[in-house]
Amino acid sequence: MSGIDDLPPLRDVIAAHDLRARKSLGQNFLLDLNLTARIARAAGPLPELDILEIGPGPGGLTRGLLAEGARRVLAIEKDRRCIPALEEIAAAYPGRLSIIEGDALEVDPLEHLTPPVAVAANLPYNVGTELLVRWLTPQAWPPFWQSLTLMFQKEVAERIVAAPGSKTYGRLAILAQWRAEARIVMTLSPGAFTPPPKVSSAVVHLTALPEPRFPADPKILEEVVARAFNQRRKMLRASLKGLHPDIETLLEEAGIAPTDRAEQISLEAFCALARSVQAARQ
Ligand SMILES: C[S@@+](CC[C@H](N)C(=O)[O-])C[C@H]1O[C@@H](n2cnc3c(N)ncnc32)[C@H](O)[C@@H]1O
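The model shown is predicted, which means the values in this text are computed figures rather than measured ones. (Residues numbered from 1 in each chain as written. Predicted model: local features only at pLDDT ≥ 70, side-chain atom pairs only at ≥ 80, totals over all residues. Heavy atoms only, no water.)

### Thoughts on the overall build of the protein
Turning to step 1, where the next piece is worked out: From N to C terminus, the protein includes 11 helices and 9 strands.
Turning to step 2, where the next piece is worked out: Here the protein has a C-alpha radius of gyration of 21 Å; the compact-globule value for 282 residues is 19 Å, and the two agree.
Turning to step 3, where the next piece is worked out: Along the first, second and third principal axes, the C-alpha set of the protein runs to 65 × 35 × 30 Å.
Turning to step 4, where the next piece is worked out: Here the protein holds 282 residues, and the buried ones make up 50% of them. (Helix = DSSP H or I, 4+ residues; strand = E, 2+ residues; numbered from the N terminus. Rg over C-alpha atoms; globule rule 2.2 N^0.38 Å. Buried < 20%, exposed > 50% of the residue type's maximum accessible area, 1.4 Å probe, protein only.)

### Observations concerning the sheet that holds strand 5 (residues 117-122)
Turning to step 1, where the next piece is worked out: Read across the sheet, 7 strands follow the order 4-3-2-5-6-9-7 without closing on themselves; strand pairing throughout is mixed. The open sheet has two edge strands with one neighbour each: strand 4 (97-101) and strand 7 (180-188). Each strand of the sheet is rotated relative to its neighbour by a mean of 15 degrees, with strand direction disregarded.
Turning to step 2, where the next piece is worked out: Against the sheet, helix 2 (residues 33-42) makes contact with strand 6 (145-153), strand 7 and strand 9 (201-208), and its axis sits at roughly 170 degrees relative to strand 7, the strand it touches most.
Turning to step 3, where the next piece is worked out: Where helix 4 (residues 83-92) meets the sheet, its contacts fall on strand 3 (72-77) and strand 4, and the angle it forms with strand 4 comes to roughly 165 degrees. (Pairing = 2+ DSSP bridges. Axes fitted to C-alpha atoms, helices over the stretch in contact; angles between N-to-C directions. Contact = heavy atoms within 4.5 Å.)

### Points about the packing of aromatic side chains
Turning to step 1, where the next piece is worked out: Per the stated rule, a full pass over the model turns up 3 aromatic pairs.
Turning to step 2, where the next piece is worked out: Residues Tyr169 and Phe229 carry aromatic rings whose centres are separated by 5.8 Å and whose planes lie at 85 degrees to one another, so their mutual orientation is edge-to-face. Separated by 60 residues along the polypeptide, Tyr169 in the loop between helix 6 (154-161) and helix 7 (171-179) and Phe229 in helix 8 (residues 218-230) bring together distant segments of the chain. An identical accessibility class is assigned to Tyr169 and Phe229; each is buried. (Phe/Tyr/Trp six-rings, centres within 6.5 Å; stacked < 30°, edge-to-face > 60°.)

### Observations concerning unusual backbone geometry
Turning to step 1, where the next piece is worked out: With an omega dihedral of 0 degrees, the bond running from Trp141 to Pro142 counts as a cis peptide bond.
Turning to step 2, where the next piece is worked out: Omega for the bond connecting Thr194 with Pro195 falls within 30 degrees of zero, at -10 degrees, which places this linkage in the cis form.
Turning to step 3, where the next piece is worked out: Looking at where Pro195 falls in the secondary structure, it is placed in the loop between strand 8 (193-194) and strand 9.
Turning to step 4, where the next piece is worked out: The backbone of Asp18 shows a phi angle near 50 degrees, a positive value even though the residue is not glycine.
Turning to step 5, where the next piece is worked out: Relative to the helices and strands, Asp18 resides in the loop between helix 1 (10-16) and strand 1 (29-30).

### Side note on the nonpolar core
Turning to step 1, where the next piece is worked out: Counting 38 residues, the largest nonpolar core has Ile39, Ile51, Leu65 and Leu188 as the members making the most contacts within it.
Turning to step 2, where the next piece is worked out: At the level of elements, helix 1, strand 1, helix 2, helix 3 (60-67), strand 3, helix 4, strand 5 and strand 7 are the ones that each hand at least two residues to this core.
Turning to step 3, where the next piece is worked out: Broken down by element, this core gets its largest block of residues, 5 residues, from helix 4.
Turning to step 4, where the next piece is worked out: In this structure Leu65 touches Ala40, Leu46, Ile51, Glu53, Ala70, Val73 and Ala120, once residues within four positions along its chain are discounted.
Turning to step 5, where the next piece is worked out: Val117, Val119, Leu123 and Val133 belong to the second-largest nonpolar core, a separate cluster that totals 34 residues. (Core = buried A, V, L, I, M, F, W, Y, C linked by side-chain atoms within 4.5 Å.)

### Structural notes on the pattern of salt bridges
Turning to step 1, where the next piece is worked out: On inspection of all chains with the given rule, the structure shows 15 salt bridges.
Turning to step 2, where the next piece is worked out: In this structure, the salt-bridge partner of Asp79 is Arg81, at a minimum N-O distance of 2.9 Å.
Turning to step 3, where the next piece is worked out: With its nearest N and O atoms 3.8 Å apart, the salt bridge here joins Glu223 to Arg227. One end of the pair, Glu223, and the other, Arg227, are both in helix 8, 4 residues apart, so they sit about a helical turn from each other.
Turning to step 4, where the next piece is worked out: What you see here is one network of salt bridges that share partners, running through Asp50, Arg71 and Arg72. (Salt bridge = Lys/Arg side-chain N within 4 Å of Asp/Glu carboxyl O.)

### As for the site of the ligand
Turning to step 1, where the next piece is worked out: Taken together, 21 residues are adjacent to the ligand, and Leu30, Gly55, Glu77, Asp103 and Asn122 come closest.
Turning to step 2, where the next piece is worked out: In the environment of the ligand, an oxygen atom lies 2.8 Å from a nitrogen or oxygen atom belonging to the backbone of Leu30.
Turning to step 3, where the next piece is worked out: Pro56 is positioned with one of its backbone polar atoms (N or O) 3.5 Å from a nitrogen atom of the ligand.
Turning to step 4, where the next piece is worked out: Those elements that place two or more of their residues in the shell around the ligand are strand 1 and strand 3.
Turning to step 5, where the next piece is worked out: Within the shell around the ligand, the residues separate by chemical class into 9 nonpolar, 7 polar and 5 charged. (Near = heavy atom within 4 Å. Polar contact = N/O pair within 3.5 Å; in protein donor to acceptor, adjacent residues only side chain to side chain. Nonpolar A, V, L, I, M, F, W, Y, C, P; charged D, E, K, R; others polar.)

### Quick notes on the packing of helix 8 against helix 11 (residues 267-281)
Turning to step 1, where the next piece is worked out: Where helix 8 meets helix 11, the axes come as close as 9 Å, and the angle between the chain directions of the two elements is 115 degrees. If you check the angle between helix 8 and helix 11, you find them roughly perpendicular. When the axes of helix 8 and helix 11 are compared, the crossing they make is right-handed. In this structure, helix 8 contributes Ile220, Leu221, Glu223, Val224, Val225, Ala228 and Phe229 to the contact, and helix 11 contributes Phe270, Cys271, Leu273, Ala274, Val277, Gln278 and Arg281.
Turning to step 2, where the next piece is worked out: Along the lines of polarity and charge, the residues of the contact of helix 8 with helix 11 split into 11 nonpolar, 1 polar and 2 charged. (Parallel < 35°, antiparallel > 145°, perpendicular 65-115°, else oblique. Left-handed = near helix turned anticlockwise from the far one by under 90°.)

Listed below in structure tokens is the structure:
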């Protein structure tokens, strides 16, 4: 199943519903349905999946997902103005699109979804980053989703896939790569969006691993990594001082030199440190 649906062009939809982009909601719309179909295909084997779409706006990606055969799409949109445009799409794909008007940071969509579930979104980057961290850090694993296909500013996408030793390596890289396979599948210039944002964007595809790469408690790992990279230029014995009174011993136990800096430390070593901290606190 492929191709463009019979709905009017998105520019006409935006004019008909007066959906002028609002900066406060991070609105940069994708109007090229060939492009949204490509992003939709990056989300996985759509006919087998329930898709959770966050921030559908006028529905470009939503239309891509449905035209490419998604079993079901549940779309959560904060901007009330977009709901009538989304309802027109729902009418064109009977029984396959459900719409929730609300803030994705507050709505719990799980009761509306049947596994396997994949997430697809083109969101303002601050909301996207916050949701990504939430989706990566539940206490139990595997999570409700099997993959995440998310648009970010290119610089944020690079932080998600970064390797140790690089300037972009930090909290996002560790949380993403600990429990998922993460790669950039597409980059987009500002001109792909209406209105164009200031910077380039990239789509990141994350596939949930059946188990985390190394054992660690998610809350403790998050705490260790947040502290380590908050003061990334400092030696770890200084940046992690507040974690435990005997942090130097715990670092050594984890095979980390107390004089090392956060960006030199591998994912495996951060997980070892999280386990040492957990054991020392018990
Ligand atoms: C970058 S636009 C993308 C719109 C559409 N997906 C597209 O690709 O053209 C971001 C969308 O997310 C919505 N949005 C912003 N914050 C949100 C939130 N907290 N919860 C749900 N939707 C949100 C905006 O109203 C907007 O429609």
